Amino acid sequence: MYEDKRYDLLIIGAGPAGMTAAVYAARKKLDTLVISKDVGGQTILASGVETYMGYQYISGAELMRKFEEQVRQFPIAFSIGDVVTTLRVEDTSFAVLTTQGKTFRAKAVIVASGRRARSLNVPGEKELIGKGVSYCATCDAPLFGDKDVAVIGSGNPALTAVNELTNYAQKVYSIVRDSVRADPILVEKARKTGKVEFLAGYAVKELRGKDKVEGIVIKRVEYDKEVALDVGGVFIEIGAVPNTEFAVDVVVLNDSKEIEVDCDCKTNVEGVFAAGDVTNAPEKQIIVAAGEGAKAALSAYWYLVSRPEGGLKQ
Amino acid sequence: MPLLPDKVRQQVEEGFKDLKEPVNLKVFTQEFECPTCGENHNLMDEVAKISAKISIEIYDFVADEDEVEAYKIDKIPATVVEGKEDYGIRFYGVPNGYEFTTLIEAIRMVSQGDSMLSPKTRKKLKSLSKPVHIQVLITPTCPYCASAVNMAHRMAVESELITADMIETVEFPYLTNKYNVFAVPKVVINETIEFDGALPESDFLKHVMKAGEQ
């Protein structure tokens, strides 16, 4: 990768959308750079994927390894371990600044920066990250052997975390604000372990502990009743927020801070495209993100060949 | 029954095609009071059989005290991945799950004698003057851990002053407690520097250099 050149295309993010876009861009012989914190995005945390066609069952990490293998066949440049902090529109280029202090330029950009785990935003959470507060049950569950832990969240990721934790923890509190929305099969599996206590109708008030998590205070949503639980770990699985901070001054976002795109993955700015979980496209699924990535790359290609100043040679 | 499925063995075989120098797996084990030593021994046996370039030596943690001391092994199961020299690569615990790929990577790396680090990092590591001991505490289910272990091993290959250990936390709970591990990967360098997460090469290097200065 080079800072002193102008690429045809910058792809921000290397999850299913970004990696698929990279393959399509390579097949169109676009000079492309992919910038991403990691390869795989949120997908690598999926313990099992059963909805990606061609695979009846595959782990998220293995699926993304296959994506990477496919992309690496082509002469695509990568800057991995780097995160885009700013997207800027210049006279004839788009520029991105990164946490490693680099600046890259290109004629077109695809934003496929995905989402990250949503925080609870309660006292104690930030201070105790890595000290018992975790957003990755797949990674950290084995560290909580014989401890009591709490999982916050009501969807499939939360109940998957509950089930993973029952393999190690002594007791798992499943805390949900309203009611459990996860698939009944996951709930049934959790119940069968006899280790899970479901606490529905509670909001988290604070996390307690100094050097490590020692407890959690939850509050009944309907009336003023607080309950303190002694737990050594709190796993937060309450959804995700889009990684769009670097682009707020350039593209239009919706109320959920997702990038608004049309059905060609075009944003409000000509030459800037977006795909995958970072956009307002409905259904955050791996297969949907991959399809959107393909569309974005093809849209970017047609944009580049039609640029009045020549852009790409056909 | 083999630990490695046929498909995995075939993939590893493919990956071992470009091995250059011979690789020796030194496995430190004990028949009693080590619940995972047997599994580690079997896994290493299976891996060694995949390529004629890989040999395996088994040492008893108690009886073979000379080797234990020479390789500074302080817990078992332990595996040293040695090429034409001991680059300082250690696996403590069974490299299962995502860590299996770091074992394969370590074998390839020592065989080729190339850390694959950037020229900038290589130059910087040459200025190290003190020994640096990197411990990467992991769980086998952590997708990010493998890249942290791999980075530590690369640095060990590059600098003779660096030793890099993978430590499987579930097998060594006393280290999980000692280092207060609540999230993985957790990296501990020279007992003085600690950080969480798989950092990019340049950031990882900063911590290593800082530890080397202290």
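In this text, all values refer to a predicted model and were calculated from it rather than measured experimentally.

Cut-offs and rules
- Residues numbered from 1 in each chain as written.
- Chains lettered and ligands numbered in written order.
- Predicted model: local features only at pLDDT ≥ 70, side-chain atom pairs only at ≥ 80, totals over all residues.
- Helix = DSSP H or I, 4+ residues; strand = E, 2+ residues; numbered from the N terminus.
- Rg over C-alpha atoms; globule rule 2.2 N^0.38 Å.
- Buried ≥ 20, exposed ≤ 12 C-beta atoms within 10 Å, placed from the backbone.
- Contact = placed C-beta atoms within 7 Å.
- Domains from an automatic or database assignment.
- Nonpolar A, V, L, I, M, F, W, Y, C, P; charged D, E, K, R; others polar.
- Pairing = 2+ DSSP bridges.
- Axes fitted to C-alpha atoms, helices over the stretch in contact; angles between N-to-C directions.

### Here's the deal with the overall build of chain A
Along the backbone of chain A there are six helices and 17 strands. Its C-alpha radius of gyration of 22 Å places chain A within 12% of the 20 Å reference for a compact globule of 314 residues. Its C-alpha atoms give chain A principal-axis dimensions of roughly 65 × 40 × 30 Å. Counting every position in chain A, which comprises 314 residues, the buried fraction comes to 46%. Long-range pairs, those at least 24 residues apart, make up 61% of the contacts in chain A with a sequence separation of at least 6.

### So, the domain arrangement of chain B
All names here are of chain B. By the assigned domains, chain B splits into domain 1 (6–112) and domain 2 (119–213). Computed over C-alpha atoms only, the centres of domain 1 and domain 2 are separated by 19 Å. Taken together, the 21 residues of domain 1 in the interface contact 22 residues of domain 2. Those elements that provide at least two residues to the side of domain 1 that touches domain 2 are β4 (89–92) and α4 (99–112). Examining the composition of the side of domain 1 that touches domain 2, we find that seven residues originate from one element, α4, more than from any other.

### Section: the interface of chain A and chain B
Where interface size is given, it is often the accessible area lost as the parts come together that is meant. The partner chain B presents 18 residues to the 16 residues of chain A that form the contact. Looking at the side of chain A that touches chain B element by element, the count peaks at three residues for helix α3 (residues 137–140) of chain A. The residue inventory of the side of chain A that touches chain B, partitioned by class, reads six nonpolar, six polar and four charged.

### Some points on helix α4 (residues 156–166) of chain A
All names here are of chain A. Burial analysis of α4 places ten of its eleven residues in the buried class, which makes it a mostly covered element. Burial in α4 covers these residues: Pro157, Ala158, Leu159, Thr160, Ala161, Val162, Asn163, Glu164, Leu165 and Thr166. Where α4 is buried, its residues touch α3, β9 (148–152), β10 (171–176), α5 (184–193), β11 (196–200) and β15 (233–236).

### Notes on the environment of Glu226(A)
All names here are of chain A. When you line up the elements, Glu226 lands in strand β14 (residues 226–229). For Glu226, a count of 11 C-beta atoms within 10 Å puts it in the exposed group. In this view, Glu226 contacts Lys205, Val217 and Lys219; residues no more than four positions away in its chain are not counted.

### Topic: the pairing of strand β2 (residues 32–36) of chain A
Residues and elements named next belong to chain A. Counting buried residues along β2, five of its five residues qualify, which places the element largely inside the surrounding structure. What you see with β2 is no split at all: Thr32, Val34 and Ser36 on one side and Leu33 and Ile35 on the other are buried throughout. Alignment of strand β1 (residues 6–12) against β2, held across four bridges, turns out to be parallel. Across the sheet, the residue bridging to Leu9 is Thr32, located in β2. Examined bridge by bridge, β2 and strand β3 (residues 77–80) share four bridges and lie parallel to one another.

### With respect to the sheet that holds strand β13 (residues 215–220) of chain A
Residue and element names in this part refer to chain A. Taken together, the three strands give an open sheet; going across it, the order is β12-β13-β14, and neighbouring strands pair in antiparallel fashion. In this open sheet, the two edge strands, each paired with only one partner strand, are β12 (202–208) and β14. Taking the axes of each pair of neighbouring strands and ignoring which way they run, one obtains an average angle of 25° across the sheet. When β12 meets β13, the two strands line up antiparallel, connected through six bridges. Pairing of Tyr202 across the sheet is with Arg220, part of β13.

### Considerations on the sheet that holds strand β3 (residues 78–82) of chain B
Residue and element names in this part refer to chain B. Read across the open sheet, the eight strands follow the order β2-β1-β3-β4-β6-β5-β7-β8; overall the sheet is mixed. Two strands close off the open sheet at either side, each with one partner strand: β2 (54–60) and β8 (193–196). Strand-to-strand twist in this sheet, taken as the mean axis angle between neighbours without regard to direction, amounts to 20°. Sitting on the sheet, helix α6 (residues 145–158) touches β4, β5 (132–138), β6 (162–168) and β7 (186–189), and the angle it makes with β6 is about 155°.

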